[in-house]
Amino acid sequence: MVTAYAVARTVTDPEMPMLTLEDLGVLRSVEEHDGRVEVAITPTYSGCPAMATMRDDLVHRLHDAGYADVRVRVALTPAWSSDWISDEGRRKLAEHGISPPGPAPTGRGPGGGPVTISLLPTRRALSCPRCASAEVELTSEFGATACKALYRCAACLEPFEHVKEI
Amino acid sequence: MSHSAPDPNDAHGSVFDGLLEGSVGDSSQWAFGTRPEELQGEDPLAGVDTTVPEGVDPHALATYCLMLADDALVLSHRLSEWCSRAPDLEEDIALANIALDLLGQARLLLARAAAADPAVVPSLPAGSPVPAEDALAYFRDAPDFRNVRIAEVANGDFAHVVVRVLLVSTVRLALLARLADSRDTVLSAVAAKGVKELTYHRDYAGRWFLTLARGTEESRRRLVAALDLLWPLYPEMLAAHPVEAALAGAGVAVDPTTVADEVDVVLDQVLAVSGVDRPGLGALAGVSGRTGRDGLHTEALSRMLAEMQVVARAHPEGRW
């Protein structure tokens, strides 16, 4: 029998199916005790609408692999960070035309004080995942899913998505 | 010309066959109503330790969670009313994203309230499958809502939503940044996560505030009008309700008066860069000292809830 972890790590994200939940850093742990499997997942954003589907997919795939007793629990802490996306995950994102995130902000302002407000468009050093041009412009900090911003390449003119840093 | 329904036994197959591939007897891909019993319901706190910290009154904790939850839930609904009405597609998507983040925070906080003190959850017919978070969202009347009134007033123009998101997210970000140190591990986790989301919300609103202020005469006029309209509701967010003050003393909550200076600094920065004066308007009075945190609301909340709750209330035993 394949281990529960080996099964769980192949389950993909419903919104970015090129990534596994493990690539995305959403799969936090898989434990087996006396035939019972407990999987911990964490939401990317508080309102992530894919949590129920992730849970269902995990339960389903583990059932199919012969694990009858599966519990999926939510791990709220520590909060998910885009830094948890694996190198493999970043490679797959880029391969599918999605710009991977840069380093996440610390969640603190200078000297550990309050987070400062930023009134100018966020500047990120990134390049077009299609033509590699660095001439890109931010269209919106919000995109089709909670975790992505919208960009446009000024060279090839194609729009593309960027996974936001959190 | 009419089309007959596809015949699933047709030798050439049906266009829908691909949807069923490899899933004979497996209905898990269908979103509505057919999921197996054990997969229904979706507790956002599944498996999370919801033990109330020692020495903390469970009812007070639940009430505090409702305050934070209702601010998010009510504003989320107001923002979702913008869907398909924003000036362009990007702003439509941005407002929907902000609404979704707030809805997620609301769900976790409503579930935390119910876990702390089940007595706050409205009772439903025996056997009703409605989870506690939904019972709290859809089966409470306006006087049971604990949100600040700035979250509930009716929408106006785009400048109005920009000002509202700026004021609310600036205060909420400051509150949650401190709440991340709460002795209540659920509140602390929800807060730490919320800080990251609210940072994006506040930046979004701040940038639009500046853009509208420095845009055309008309955009500036509308921005200042929206600021004047919403400003009297701002002080309420920074006043401490006795429940907040008591729980802050117990290391569980944040007393809003303690973030007032920090919030003022941020708003003054936005106002200064935008060349807009701080309005000289006083706070909208409560009634006998009661405000949103006490369940005293404007008429707008009742109207909003009537629309938000009508379907759920018509089907108290419905599965969604």
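As the structure is a prediction and not an experimental result, all values here were calculated from the model.

A. Expanded view of the overall build of chain B. Counting its secondary structure elements, chain B contains 11 helices and zero strands. Going residue by residue from the N terminus, the α and β elements of chain B occur as α-α-α-α-α-α-α-α-α-α-α. Within chain B, buried positions represent 44% of all 320 residues. If you take every contact in chain B between residues at least 6 apart in sequence, the share linking residues at least 24 apart comes to 73%.

B. Region of interest: the overall build of chain A. Assigned secondary structure in chain A consists of four helices and seven strands. For chain A, the proportion of its 166 residues judged to be buried stands at 42%.

C. Spotlight on the packing of helix α2 (residues 58-80) of chain B against helix α9 (residues 242-249) of chain B. Residue and element names in this part refer to chain B. Packing of α2 against α9 brings their axes to within 10 Å, and their N-to-C directions diverge by 120 degrees. Between α2 and α9 lies a crossing of left-handed hand. Along its contact with α2, which presents Ala60, Leu61, Thr63 and Tyr64, the element α9 presents Val243, Glu244, Ala246 and Leu247. Residue composition of the contact of α2 with α9, grouped by class: six nonpolar, one polar and one charged.

D. Local environment of the interface of chain A and chain B. Taken together, the 29 residues of chain A in the interface contact 43 residues of chain B. Among the elements of the structure, α3 (51-64), β3 (69-74) and β5 (136-140) of chain A are those that each provide at least two residues to the side of chain A that touches chain B.

E. Just the nonpolar core, in detail. Residue and element names in this part refer to chain B. With 141 residues, the main nonpolar core has Ala113, Val162 and Phe209 as its most contacted residues. Among the elements that take part in this core, helix α3 (residues 89-116) stands out by supplying 17 residues, more than any other. Leave out the neighbours within four places in its chain, and Val162 touches Ala205, Trp208, Phe209 and Leu212.

F. Region of the structure containing the packing of helix α6 (residues 185-213) of chain B against helix α7 (residues 217-230) of chain B. Residues and elements named next belong to chain B. Relative orientation of the contacting elements α6 and α7 amounts to 125 degrees, with a least axis distance of 7 Å. Taken together, α6 and α7 sit at an angle that is classed as oblique. Packed against α6, whose contacting residues are Phe209, Leu212 and Ala213, the element α7 presents Ser219, Arg220, Arg222 and Leu223 at the interface. A per-class count over the contact of α6 with α7 returns four nonpolar, one polar and two charged.

G. Quick look at α3 of chain B. Taking 1.5 Å of rise per residue, 28 residues should cover 40 Å, and α3 of chain B covers 40 Å from first to last C-alpha, within 8% of that figure. Among the 28 residues that make up α3 of chain B, 23 are buried, leaving the element largely enclosed by the rest of the structure.

H. Region of interest: the sheet that holds strand β6 (residues 148-153) of chain A. Residue and element names in this part refer to chain A. On the basis of which strands lie adjacent, the open sheet formed by four strands has the order β4-β7-β6-β5 and mixed pairing. Two strands in the sheet have a free side with no partner beyond their single neighbour: β4 (98-99) and β5. Relative to β6, β5 runs antiparallel, the two sharing four bridges. In the strand pairing of β6, Leu138 is matched with Tyr151.

I. Structural context of the environment of Leu126 of chain A. All names here are of chain A. Looking at the element boundaries, Leu126 is found in the loop between β4 and β5. Leu126 sits in the partly exposed class, given 16 other C-beta atoms within 10 Å. Among residues more than four places away in sequence, those in contact with Leu126 are Ser99, Val136 and His162.

J. Representation of the sheet that holds strand β2 (residues 36-41) of chain A within the structure. All names here are of chain A. Taken in spatial order, the three strands line up as β1-β2-β3 in an open sheet, and their pairing is mixed. Two strands lie at the open edges of the sheet, namely β1 (27-33) and β3, each paired on one side alone. The sheet shows a mean angle of 15 degrees between the axes of neighbouring strands, taken without regard to direction. Here α3 sits on the sheet and contacts β2 and β3; the angle it forms with β3, its principal contact strand, is near 155 degrees.

K. Main features of helix α10 (residues 260-274) of chain B. Residue and element names in this part refer to chain B. Compared with the 21 Å implied by 1.5 Å per residue over 15 residues, the 21 Å span of α10 between its first and last C-alpha is a close match. Within α10 the residues assigned to the buried category are Val263, Val266, Val270 and Ser274. Along the axis of α10, the buried residues cluster in a sector spanning 70 degrees; they form a single face. Facing away from the buried side of α10 by more than 90 degrees, the exposed set consists of Asp261, Asp268 and Ala272. The elements touched by buried residues of α10 are α5 (158-179) and α6. Immediately downstream of α10, the backbone of Gly275 shows phi near 65 degrees, a positive value.

L. Expanded view of the confidence of the model for chain B. In the predicted model, chain B carries a mean pLDDT of 91, and 87% of its residues have values of at least 70. Note on the complex model: pTM 0.92, ipTM 0.94.

M. Geometry of unusual backbone geometry. Residues and elements named next belong to chain A. Geometrically, the link from Thr77 to Pro78 is a cis peptide bond, its omega value of -5 degrees lying close to zero. One can find Pro78 in the loop between β3 and α4 (87-95). Positive phi is not limited to glycine here, since Asp34 has a value of about 50 degrees. Within the secondary structure layout, Asp34 lies in the loop between β1 and β2. Owing to 5 C-beta atoms within 10 Å, Asp34 belongs among the exposed residues under this scheme. The residue Ala132 is not glycine, and still its phi comes out positive at about 70 degrees. You can see Ala132 is positioned in the loop between β4 and β5.

N. Just the environment of Gly127 of chain B, in detail. Inspection of the secondary structure puts Gly127 of chain B in the loop between α3 and α4 (132-138). Once the C-alpha coordinates of Gly127 of chain B and Pro316 of chain B are considered, the two residues, 189 residues apart in sequence, prove to be 9.9 Å apart.

O. Spatial organisation of the environment of Pro316 of chain B. Residue and element names in this part refer to chain B. With respect to the element layout, Pro316 can be found in the segment after α11 (299-314). Once the C-alpha coordinates of Pro316 and Leu66 are considered, the two residues, 250 residues apart in sequence, prove to be 21 Å apart. Setting aside its immediate chain neighbours within four residues, Pro316 contacts Leu124, Pro125, Ser128 and Val130.

P. Focus on the pairing of β6 of chain A. Residues and elements named next belong to chain A. Judged by how many residues are buried, β6 sits mostly within the fold: five of six residues are covered. Where β6 lies against strand β7 (residues 159-163), five bridges are found, and the strand directions are antiparallel. The residue bridging Leu150 from the neighbouring strand is Glu161, located in β7. The turn linking β6 back onto β7 is made up of five residues, and Leu157 within it adopts a positive phi angle of 70 degrees.

The rules we used
- Residues numbered from 1 in each chain as written.
- Chains lettered and ligands numbered in written order.
- Predicted model: local features only at pLDDT ≥ 70, side-chain atom pairs only at ≥ 80, totals over all residues.
- Helix = DSSP H or I, 4+ residues; strand = E, 2+ residues; numbered from the N terminus.
- Buried ≥ 20, exposed ≤ 12 C-beta atoms within 10 Å, placed from the backbone.
- Contact = placed C-beta atoms within 7 Å.
- Axes fitted to C-alpha atoms, helices over the stretch in contact; angles between N-to-C directions.
- Left-handed = near helix turned anticlockwise from the far one by under 90°.
- Nonpolar A, V, L, I, M, F, W, Y, C, P; charged D, E, K, R; others polar.
- Core = buried A, V, L, I, M, F, W, Y, C linked by C-beta atoms within 7 Å.
- Parallel < 35°, antiparallel > 145°, perpendicular 65-115°, else oblique.
- Expected span 1.5 Å × (residues − 1).
- Pairing = 2+ DSSP bridges.
- Arc of directions from axis to C-beta.
- pLDDT = per-residue confidence, 0-100.

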